[in-house]
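# Chains, contacts and geometry: an overview
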Amino acid sequence: MHQDFLPPGIAVLTGAGISKESGIDTFRDDGGLWTRVNLEEVATVDAWFRDKKKVLDFYNETRRAFRAAHITPNEAHEALARLEREYEGEVTIITQNIDPLHEMAGSRKVIHMHGRDGEVRCMVCKTEFASDADLTPESVCPNCRSIGELRPNIVWFGEMPIHLDEIYEVLERCGLFIAIGTSGEVYPAAGFVLHVRRYRPRAHTIELNLEPTDNKALFHEHIYGPATKVVPPYVTRILKQGWR
Ligand code: APR
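All of the points below concern the structure found in this document.

Helical geometry: 3.6 residues make up each α-helical turn, so side chains three or four residues apart lie on a common side. Those residues of helix α7 (residues 164-171) lying buried are Leu 164, Ile 167, Val 170 and Leu 171. Each buried residue of α7 lies within a common arc of 120 degrees when the element is viewed along its axis, so the set occupies one face. Lining the buried residues of α7 we find β1 (9-14), β2 (91-95), β3 (110-112), β7 (174-180) and α8 (192-199).

The tally for this structure, following the rule as stated, stands at nine aromatic pairs. Ring geometry for Tyr 87 against Trp 243: centres 6.2 Å apart, planes inclined by 50 degrees, an arrangement best described as tilted. Of this pair, Tyr 87 sits in the loop between α5 (75-86) and β2 while Trp 243 sits in the segment after α9 (227-241); the two residues are 156 residues apart in sequence, bridging distant segments of the chain. The class for Tyr 87 is buried, based on a relative accessible area of 14%. For Trp 243, a relative accessible area of 12% translates into the label buried.

Near the ligand lie 23 residues; those nearest to it are Phe 27, Arg 28, Trp 34, Thr 182 and Ser 183. In this structure, an oxygen atom belonging to the ligand sits 3.1 Å away from a main-chain N or O atom of Gln 96. Thr 182 is positioned with one of its side-chain polar atoms (N or O) 2.7 Å from an oxygen atom of the ligand. Burial of the ligand by the protein chains amounts to 94% of its free accessible area of 740 Å². Split by residue class, the shell around the ligand holds eight nonpolar, 10 polar and five charged.

Counting 23 residues, the largest nonpolar core has Ile 10, Leu 80, Ile 178, Ile 180 and Val 231 as its most contacted members. Only β1, α5, β2, β7, β8 (204-209) and α9 provide two or more residues apiece to this core. The dominant element in this core, judged by the number of residues it contributes, is α9, at six residues. Not counting the four nearest positions on each side in its chain, Ile 10 is found in contact with Leu 83, Tyr 87, Glu 90, Val 91, Thr 92, Leu 176, Ile 178, Ile 238 and Trp 243. In terms of nonpolar packing, the next biggest core, distinct from the first, is built from 19 residues, Ala 43, Phe 58, Cys 141 and Trp 156 among them.

With that settled, the discussion passes to the sheet that holds β7. Across the sheet, which stays open at both edges, the six strands sit in the order β3-β2-β1-β7-β8-β9 with parallel pairing between neighbours. Strands at the two margins of the open sheet, each flanked by one partner only, are β3 and β9 (221-224). On average, each strand axis in the sheet is inclined to that of its neighbour by 15 degrees, with strand direction left out of account. Where β7 meets β8, five bridges bridge the pair, whose relative direction is parallel. The partner of Ile 180 across the bridge, within β8, is Leu 208. Packing of α7 onto the sheet brings it into contact with β1, β2, β3 and β7, and relative to β2 it is tilted by some 135 degrees. Relative to the sheet, α8 contacts β1, β2, β7 and β8, its axis offset from that of β7 by approximately 165 degrees.

This next bit is on unusual backbone geometry. Across the junction of Tyr 187 and Pro 188, the peptide omega takes the value 10 degrees, indicating a cis bond. For His 163, which is not glycine, the phi dihedral falls at a positive 65 degrees. Along the chain, the position of His 163 falls in the loop between β6 (150-154) and α7.

What counts and how
- Throughout this description, residue numbers start from 1 for each chain and increase along the sequence as written.
- Where local features are concerned, this predicted model is filtered to residues with pLDDT of at least 70; where side-chain atom pairs are given and counted, the filter is 80 or more; whole-chain, interface and lining totals use all residues.
- The basis for every side-chain value is the complete set of non-hydrogen atoms in the structure, without hydrogens or water.
- Buried means the residue's accessible area, taken with a 1.4 Å probe over protein chains only, is under 20% of the maximum for its type, while exposed means over 50%, and partly exposed covers the values in between.
- Numbering of helices and strands starts at the N terminus; helices are DSSP runs of H or I of at least 4 residues and strands are runs of E of at least 2.
- What the arc describes is the spread of directions from the helix axis to the C-beta atoms.
- Between two residues, a contact is recorded if the distance between any of their heavy atoms is within 4.5 Å.
- Between rings of Phe, Tyr and Trp, where Trp is taken as its six-membered ring, a pair exists when centres lie within 6.5 Å; planes separated by under 30 degrees are stacked, by over 60 edge-to-face, and by other angles tilted.
- When at least one non-hydrogen atom of a residue lies within 4 Å of a molecule or strand, that residue is treated as near it.
- Pairing of N or O atoms within 3.5 Å defines a polar contact, subject to two protein rules: one partner must be a possible hydrogen donor and the other a possible acceptor, and residues neighboring in sequence count only if both atoms are side-chain atoms.
- Note that accessible areas follow from Shrake-Rupley with a 1.4 Å probe, and for residues the cover is restricted to the protein chains shown.
- In this classification, Asp, Glu, Lys and Arg are treated as charged, Ala, Val, Leu, Ile, Met, Phe, Trp, Tyr, Cys and Pro as nonpolar, and every other residue, Gly included, as polar.
- Residue types Ala, Val, Leu, Ile, Met, Phe, Trp, Tyr and Cys, when buried and joined through side-chain atoms within 4.5 Å, form a set referred to as a nonpolar core.
- Note on pairing: DSSP must find at least two bridges between two strands before they are called paired.
- Axis angles are defined between N-to-C directions and span 0 to 180 degrees, where every axis is a line fitted to C-alpha atoms and, for a helix, only to the segment in contact.

So far we have only geometry, and geometry alone does not tell us how the molecule works.
Structure, rendered in structure tokens:
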């Protein structure tokens, strides 16, 4: 089909809720990561400068537990991969998750705005590379040889999410914005729905979540339930009938 006749794009924002049924804890639900661990001590830039060992130990341990659990994508990730395969227009997943489950399910256009598990970055020379090795305050950057400057390639509180220019371009050309499994408490992701409504006043916006979020009033439509139960039928519906 010629580019000019492509139907409007679909932008999908995903959060921890989509991976919950694959066995990964969310952050803010009962028993979620930030209810058990003080995020100020492990997931902020301040924490890094205060106590590198504590921060690195936390991520070393989390990564090891994650690898040992052999996590796999669930029906919701698979439904989004099917949407990208079968929809004639552009489908982009903007995920706050660091896990690789969208890619494992077959999605190709995935933007990880909070970084990715299994990647390391040097604070000095900014080199990024794939690595599953434990990091310590003595780790040496293979590029610039700085000591104690390697960290997980994950966006911490107090840092700017990555790929924002590309994300806002996607939002500004979409006809449908879907938010799945995100509490809407962390900006700028929580503000994407408003951005779509301002820049694409005719676009449709929908929240699919276990329960209503604080952002609820900003969406035109809502479907509540576990992602594995609500995402596949929603994808089937829009592929068959569109979203109006
Ligand atoms: N299906 C759908 N939604 C679910 C499910 C499920 N099975 N289980 C939980 N949820 C919903 C919860 O109701 C909640 O609204 O998922 C949401 C998870 O919210 P958070 O734990 O706040 O996760 P998220 O929105 O992804 O957090 C954003 O905060 O800590 C940072 O960087 C971290 O990317 C993360 C960001």
